[in-house]
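Commentary on secondary and tertiary structure
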Amino acid sequence: KEEENEEEEAKEETKDEEIVVELTDEEKALSYRKMPNPDMTESVLAKSYADFSVPSREDGFDEVTFHWQPEGEATKLLKDWILSKKLTQRVEDLKPGESFKEAWTKWQKSLQEWRKLASDWKDTN
């Protein structure tokens with residue numbers, strides 16, 4: 001019984017020891033972590049990401065400190081992120097302007113004329 005107790009105590013001690021976790025080089029390079037669940041839904045993000053900015057004194061803050069990266073790098077990262085979102089984000093509330101509407105009606109008329117000419121040509125042959 002004493003041997004069994006000693007074995008159990010040894011097992012408990014190994015469980016209690018802290019597990020050492022080491023980051024990979026890729027993980028060390030990241031200054032932020034990607035979460036499995038986003039903080040905002042894609043639709044809410046699509047409506048508001050263009051208005052994101054780095055905080056400044058003009059926004060009413062007494063002091064702004066950048067702990068992870070200097071202000072210039074943080075601003076560049078945010079700007080690059082916004083530009084990449086603009087390339088990939090779906091725009092839900094996009095409305096065509098007057099020049100597009102005029103060009104579209106002109107295109108529709110031209111297309112109808114071409115189809116009419118094509119059908120007339122087919123009918124005569």
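Parameters and conventions
Throughout, a residue's number is its position along its own chain's written sequence, starting from 1. Note on the predicted model: pLDDT of at least 70 is required for a residue's local features to be given, and 80 or more for side-chain atom pairs to be given and counted; whole-chain, interface and lining totals, by contrast, use all residues. To get the side-chain values, all heavy atoms of the structure are used, and hydrogens and water are removed first. Each helix is a run of H or I in the DSSP string that is no shorter than four residues. Each strand is a run of E no shorter than two, and both are numbered from the N terminus. To sort residues, take the accessible area from a 1.4 Å probe on protein chains only and compare it with the maximum for the residue type: under 20% means buried, over 50% means exposed, and anything in between is partly exposed. Contact between two residues is taken to exist if any of their heavy atoms lie within 4.5 Å; hydrogens are not considered. With residues, only the protein chains shown are counted as cover, and all accessible areas are computed by Shrake-Rupley using a 1.4 Å probe. Counted charges follow a simple rule, with Lys and Arg positive, Asp and Glu negative, and His plus the chain ends left uncounted. Any Lys or Arg side-chain nitrogen located within 4 Å of an Asp or Glu carboxyl oxygen qualifies as a salt bridge. Only residues whose relative accessible area exceeds 30% and that form no salt bridge enter a patch; like-charged residues are grouped when within 9 Å of one another, and nonpolar side chains (Val, Leu, Ile, Met, Phe, Trp, Tyr) when within 5 Å. Expected helix span is given by 1.5 Å per residue-to-residue step, counting one fewer step than there are residues. Each direction from the helix axis to a C-beta atom contributes to the arc, which is the arc of those directions. By the criterion applied in these results, polar contacts are pairs of N or O atoms within 3.5 Å in which, for protein atoms, one can donate a hydrogen and the other can accept it, and in which residues neighboring in sequence qualify only through two side-chain atoms. By definition, pLDDT measures how confident the predictor is in each residue, and it falls between 0 and 100.

Bringing the overall build of the protein chain into the picture now. Within the protein chain, the regular secondary structure consists of five helices and zero strands. Moving toward the C terminus, one meets the helices and strands of the protein chain in the order α-α-α-α-α. Burial statistics for the protein chain: of 125 residues in total, 6% are counted as buried. Long-range contacts, defined as pairs at least 24 residues apart, comprise 55% of the intrachain contacts of the protein chain with a sequence gap of at least 6. Accessible area for the protein chain stands at about 12,700 Å²; split by element, carbon and sulfur atoms hold 52% of it.

Within the element layout of this structure, Lys-85 appears in helix α4 (residues 71–88). Buried charge Lys-85 goes without a salt bridge, the closest partner of opposite sign being Glu-42 at 4.3 Å.

This brings us to a nonpolar patch on the surface. Taken together, Phe-100, Trp-104, Trp-107, Trp-114 and Leu-117 make up a surface patch of nonpolar side chains, about 600 Å² in accessible area. With respect to the helices, strands and loops of the structure, Trp-114 is situated in helix α5 (residues 98–124). Judged by relative accessible area, which is 48%, Trp-114 ranks as partly exposed.

The next point concerns α4. Here α4 is 18 residues long and its end C-alpha atoms lie 26 Å apart, about the 26 Å a rise of 1.5 Å per residue gives. Three or more residues of α4 are buried, namely Ala-74, Ile-82 and Lys-85. All buried residues of α4 project into a common sector of 70° when viewed along the axis, lining one side. Exposed and oriented more than 90 degrees from the buried face of α4 are Gly-72, Lys-76, Lys-79 and Leu-87. Packed against the buried residues of α4 are α3 (42–48).

With respect to the helices and strands, Phe-52 occurs in the loop between α3 and α4. With relative accessibility at 31%, the residue Phe-52 sits in the partly exposed group. Excluding residues within four positions of it along the chain, Phe-52 makes contact with Met-40, Leu-45, Leu-78, Trp-81 and Ile-82.

In this model, α5 (27 residues) spans 39 Å end to end at C-alpha, consistent with the 39 Å of a helix rising 1.5 Å per residue. Counting buried positions along α5 yields zero of 27 residues, so the element is predominantly exposed.

What follows covers the environment of Thr-65. The residue Thr-65 is located in the loop between α3 and α4 in this model. Accessibility expressed as a relative area gives 46% for Thr-65, which makes it partly exposed. Measuring from C-alpha to C-alpha, the distance between Thr-65 and Pro-55 comes to 9.4 Å, with ten residues separating the pair along the chain. In terms of polar contacts, Thr-65 uses its side chain to reach the side chain of His-67, at 3.3 Å.

What follows concerns the confidence of the model for the protein chain. Mean pLDDT over the protein chain works out to 83, with 85% of the residues at or above the 70 mark. Ranking the elements of the protein chain by mean pLDDT puts helix α1 (residues 2–16) last with 61 and α5 first with 93.

Our focus in this paragraph is the pattern of salt bridges. Under the criterion given, the structure shown has two salt bridges. For the salt bridge of Lys-116 with Asp-120, the shortest nitrogen-to-oxygen distance reads 3.6 Å. Taken together, the positions of Lys-116 and Asp-120, both in helix α5 and four residues apart, correspond to about one turn of that helix. Looking at Lys-116, the relative accessible area reads 55%, which means it is exposed.

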